[in-house]
Amino acid sequence: MNYDLSQLPERTPKPREQGYTMVMDKGMSLREVEDFLEVGEAYTDVVKLGWATSYVVPNLKRKLEIYREANIPVYFGGTLFEAFIIRNQFDDYRRLLDTYGMEYAEVSDGSIDLDHERKCEYIRELSKYVRVLSEVGSKDAEKIIPPYKWISQMQTELEAGAIKVIGEAREGGNVGLFRSTGEVRSGLVEEILTKIPSEKILWEAPQKAQQVWFIKLLGANVNLGNIAPNEVVSLETIRLGLRGDTFSHFLDMDAVDPMFHPAAKTSKPGTSMPRG
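Just so you know, these numbers come straight off a predicted model, no measurement behind them.

**Student:** Can you lay out the layout of surface pockets for me, pointing to particular residues and giving the numbers?
**Tutor:** One number sums up the size of the largest pocket: a volume of about 400 Å³. In this structure, the largest pocket is lined by 13 residues; those nearest its centre are M1, N2, Y43, L240 and L242. Among the residues forming the lining of the largest pocket, the class breakdown is eight nonpolar, two polar and three charged.

**Student:** Any chance you could break down the packing of helix α5 (residues 90-99) against helix α6 (residues 116-126) for me, citing the residues and the numbers?
**Tutor:** Packing of α5 against α6 brings their axes to within 12 Å, and their N-to-C directions diverge by 30°. Judged by the twist between their axes, the crossing of α5 over α6 is right-handed. Residue-level inspection shows F90, Y93, R94 and L97 of α5 in contact with α6, the latter providing Y122, E125 and L126. Its residues placed into classes, the contact of α5 with α6 shows five nonpolar, no polar and two charged.

**Student:** Help me get a handle on the pattern of salt bridges, residues and values and all.
**Tutor:** If you walk through the whole model with that rule in mind, you get 19 salt bridges. The partner of K48 in a salt bridge is E106, with the nearest N and O atoms 4.0 Å apart. Taken together, the residues K48 in strand β2 (residues 46-49) and E106 in strand β4 (residues 104-107) connect sequence positions 58 residues apart. On the basis of relative accessibility, which here comes to 5%, the residue K48 falls in the buried class. If you follow the salt bridges from partner to partner, you end up with R11, E236 and R239 in one network.

**Student:** Please provide a residue-by-residue account of the packing of aromatic side chains, values included.
**Tutor:** By the definition in use, this model includes eight aromatic pairs. Ring-pair connections join several aromatic residues into one group, and the members of that group are F81, F84, F90, Y93 and Y122. Lying across the ring of Y129, R94 places its NZ or CZ 3.7 Å from the centre. If you follow K164 out to its NZ or CZ, it ends over the ring of Y20, 4.6 Å from the centre.

Scoring rules and cut-offs
- Residues numbered from 1 in each chain as written.
- Predicted model: local features only at pLDDT ≥ 70, side-chain atom pairs only at ≥ 80, totals over all residues.
- Heavy atoms only, no water.
- 1 Å grid on protein atoms, 1.4 Å probe; cavity = no way out; pocket = protein on both sides within 12 Å on 5 of 7 lines; lining within 4 Å.
- Points joined across faces, edges and corners; volume = space filled by probe spheres on them.
- Nonpolar A, V, L, I, M, F, W, Y, C, P; charged D, E, K, R; others polar.
- Axes fitted to C-alpha atoms, helices over the stretch in contact; angles between N-to-C directions.
- Helix = DSSP H or I, 4+ residues; strand = E, 2+ residues; numbered from the N terminus.
- Left-handed = near helix turned anticlockwise from the far one by under 90°.
- Contact = heavy atoms within 4.5 Å.
- Salt bridge = Lys/Arg side-chain N within 4 Å of Asp/Glu carboxyl O.
- Buried < 20%, exposed > 50% of the residue type's maximum accessible area, 1.4 Å probe, protein only.
- Phe/Tyr/Trp six-rings, centres within 6.5 Å; stacked < 30°, edge-to-face > 60°.
- Lys NZ or Arg CZ within 6 Å of the ring centre and 35° of its normal.

These figures capture arrangement, not role.
This is the structure we're talking about:
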């Protein structure tokens, strides 16, 4: 950091298992990746090449090399996995991971109806070769999954070999964990947390208000995903209580300047006249 400030929450160091910031690359150019990494490398843990953008983006190999040179792992979006599965091309998908030297893979079923045991079989198979992130939740806003089913699927997918489970929200943050307005389904999240350890969940939270909500609930080292590249530095300041949304959240109010104590704020100096 550029200078010292007291009373900041401690961030887990990279490479970390808790406190992930997952960035979504929706088709950036090589120059845009380089510019992003100039400021965002220190705060980015993993990058997802959104949905199936890896199929159409030019210079894919060079893009992956740039991320690797920055020691940031990359994985293909879950929609690409689903595109291979629905076409009965799982072996081709495995070869694709090998061809590009991928260390991570996402297994999801947000766009297809995939038998859950079959999904777990894919997780078990892929986890022999790569680190698997499995996504739970539907991309269909009309499909409401009850909390017990979220919990059951997360548990079995972790048992199958996923290193983390992803809470679905899409890139807009308006399905799955969230209502169409972007409001968090707080009851759903709190019920999930009664059974699934928070460090095992990567919450997709592309909107600032959603990021603030999770940080206030679970602290600076909550795992957050689908972050836009130009929002990574902003998110880090929110994690550290250096933006208005979380400014007082991590402060010990007994240790701040006395003029900012709640009791001091309630008094109104200068309202009485001296007697003489």
